[in-house]
Amino acid sequence: MRCKFCERPAFIKLHYPKMYLCPEHFTEYFERKVKRTIERYKLIKPGERILVVVSGGKDSAVTAHVLKKLGYDIECLHINLGIGEYSEKSEEYAKRQCEKLGVPLHIVRVRELLGKGIGEVRTRRPTCSYCGLTKRYIFNKFAYDNGFDAVATGHNLDDEAGFILANILNWNTQYLAKQGPVTSAQFNGKLVKKIKPLYELTEREVVAYALANGIEYHIEECPHAVGATTIEVKGILNEMEEKRPGTKINFVKGYLRKKGLFEGELQEADLRECGVCGMPSSGEVCSFCRFWHREEPINFRL
Ligand code: Q46
Ligand code: ZN
Ligand code: ZN
């Protein structure tokens, strides 16, 4: 098969819209789609400084690569979670990716910062739950302390479709009222804007973009990821996509149109300043400071 736009042999067959593309034309298609996502959902305003959270994996590496190529002002942050060899390798990949891109990389190591790695804390809370809480706190505080206008993450269409479906299965209406490609800044900017530039691109397309552009990334999954429900839900969505191309994008776009239905359920917690760190909190002390028994704030200012 030949590329739709030139004579070269096809490198990928897209199912929705159906077309064959060579590496160059696929790269063009992919970058145009990211640009359109940024414009359509107003993710980035001119002149904004963006902090890209890079894990060492494909999604965040591709996010940083495309944003840089499109000319946005980016720097990267890697959070080393302290999960044995997995985290060491992840950090190596993040370093190599940023070096190749020529983008500044900042590294925060959870064990050095908090005394223990993720998975080493004795608690009844599931590992992924306090890992998520810790990561979100660190990237938000890092961005806030250093005056970034937004934090970009590598979430792709498969992640979003899976997340929405999983939350519908549990009727978790609080989450369903809030998801989307952009979460605006709140609480005088202490909750920094979050953006997802790969919102409309499938995991398969992200893998293909990395391959076509020589982006190396950590393939291994985090050892704690095994058996997570989101993986099962994604599997179901993949089967449906196979039979009916366009299922994922139509599902996610439909959700964005109907999101308002859940807004009535939103119980906005009254946010106040955490007594320890001063960041937004629903209680007297924020969940990060409570979980890690913090007695003083962390300052990430460079
Ligand atoms: S939450 Fe859980 Fe991930 Fe943290 S412990 Fe690993 S799998 S890294 S996205
Ligand atoms: Zn071509
Ligand atoms: Zn706090």
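Refer to the structure presented above.
A quick note: this is a predicted structure, and the numbers were derived from the prediction, not measured. (Residues numbered from 1 in each chain as written. Chains lettered and ligands numbered in written order. Predicted model: local features only at pLDDT ≥ 70, side-chain atom pairs only at ≥ 80, totals over all residues. Heavy atoms only, no water.)

## So, the packing of aromatic side chains
Then, in step 1: Per the counting criterion, the structure on display carries 11 aromatic pairs.
Then, in step 2: Between Tyr-41 and Tyr-199 the ring centres are 6.0 Å apart and the planes differ by 65°, which places this aromatic pair in the edge-to-face class. With a gap of 158 residues between them, Tyr-41 in the loop between α1 (23-40) and β3 (49-53) and Tyr-199 in the loop between β8 (193-195) and α8 (203-212) connect regions that are remote in the sequence. (Phe/Tyr/Trp six-rings, centres within 6.5 Å; stacked < 30°, edge-to-face > 60°. Helix = DSSP H or I, 4+ residues; strand = E, 2+ residues; numbered from the N terminus.)

## Looking at the environment of Ile-79
Then, in step 1: Tracing the chain through its elements places Ile-79 in strand β4 (residues 73-80).
Then, in step 2: The class for Ile-79 is buried, based on a relative accessible area of 9%.
Then, in step 3: Measuring from C-alpha to C-alpha, the distance between Ile-79 and Thr-202 comes to 25 Å, with 123 residues separating the pair along the chain.
Then, in step 4: Ignoring anything within four residues of it in the chain, the contact list for Ile-79 reads Val-54, Val-108, Val-110, Lys-135, Ile-138 and Phe-139. (Buried < 20%, exposed > 50% of the residue type's maximum accessible area, 1.4 Å probe, protein only. Contact = heavy atoms within 4.5 Å.)

## Observations regarding the sheet that holds strand β5 (residues 105-109)
Then, in step 1: Pairing in this open sheet of 6 strands is mixed, and the strands run β5-β4-β3-β6-β8-β7 from one edge to the other. Two strands lie at the open edges of the sheet, namely β5 and β7 (182-183), each paired on one side alone.
Then, in step 2: As paired elements, β4 and β5 share 5 bridges and run parallel to each other. Each residue of the ladder has a partner; that of His-78, found in β5, is Ile-107.
Then, in step 3: Here helix α5 (residues 127-145) sits on the sheet and contacts β3, β4, β5, β6 (150-152) and β8; the angle it forms with β4, its principal contact strand, is near 145°. (Pairing = 2+ DSSP bridges. Axes fitted to C-alpha atoms, helices over the stretch in contact; angles between N-to-C directions.)

## Comments concerning the site of ligand 1
Then, in step 1: Around ligand 1, the neighbouring residues are Leu-81, Cys-128, Cys-131, Lys-135, Cys-222, His-224 and Ala-225.
Then, in step 2: When grouped by side-chain class, the residues that make up the shell around ligand 1 number 5 nonpolar, 1 polar and 1 charged. (Near = heavy atom within 4 Å. Nonpolar A, V, L, I, M, F, W, Y, C, P; charged D, E, K, R; others polar.)

## Things to note about the side chain of Gln-97
Then, in step 1: Relative to the assigned elements, Gln-97 resides in helix α3 (residues 84-101).
Then, in step 2: Overall, Gln-97 belongs to the buried group, its relative accessible area being 10%.
Then, in step 3: Leaving out residues up to four positions away in the same chain, Gln-97 has contacts with Gly-56, Gly-57, Ala-61, Glu-216 and Tyr-217.

## Notes on the coordination of the zinc ion (ligand 2)
Then, in step 1: Those protein atoms acting as donors to the zinc ion (ligand 2) are Cys-3 (SG), Cys-6 (SG), Cys-22 (SG) and His-25 (ND1), and they sit at 2.0 to 2.3 Å.
Then, in step 2: Coordination at the zinc ion (ligand 2) is tetrahedral: its 4 donor atoms span angles of 101 to 114° at the metal.
Then, in step 3: Counting the intervening residues between successive donors of the zinc ion (ligand 2) yields the motif C-x2-C-x15-C-x2-H.
Then, in step 4: The class of Cys-3 is buried, set by a relative accessible area of 6%. (Donors = N, O, S within 2.8 Å, 3.2 Å for Na, K, Ca; no water. Tetrahedral: all angles 85-135°; square planar, octahedral: opposite > 155°, others 65-115°.)

## Considering the coordination of the zinc ion (ligand 3)
Then, in step 1: The zinc ion (ligand 3) binds to the protein through Cys-274 (SG), Cys-277 (SG), Cys-286 (SG) and Cys-289 (SG); the donor distances cover 2.3 to 2.4 Å.
Then, in step 2: Each of the 4 donor atoms around the zinc ion (ligand 3) contributes to a set of angles spanning 103 to 116°, which defines the coordination as tetrahedral.
Then, in step 3: All donor residues of the zinc ion (ligand 3) come from one chain, and their arrangement in sequence is C-x2-C-x8-C-x2-C. On the criterion of sequence distance, the pair formed by Cys-274 in the loop between β9 (272-273) and β10 (280-281) and Cys-289 in helix α12 (residues 287-291) is long-range, its members being 15 residues apart.
Then, in step 4: By relative accessible area, Cys-289 is classed as buried at 3%.

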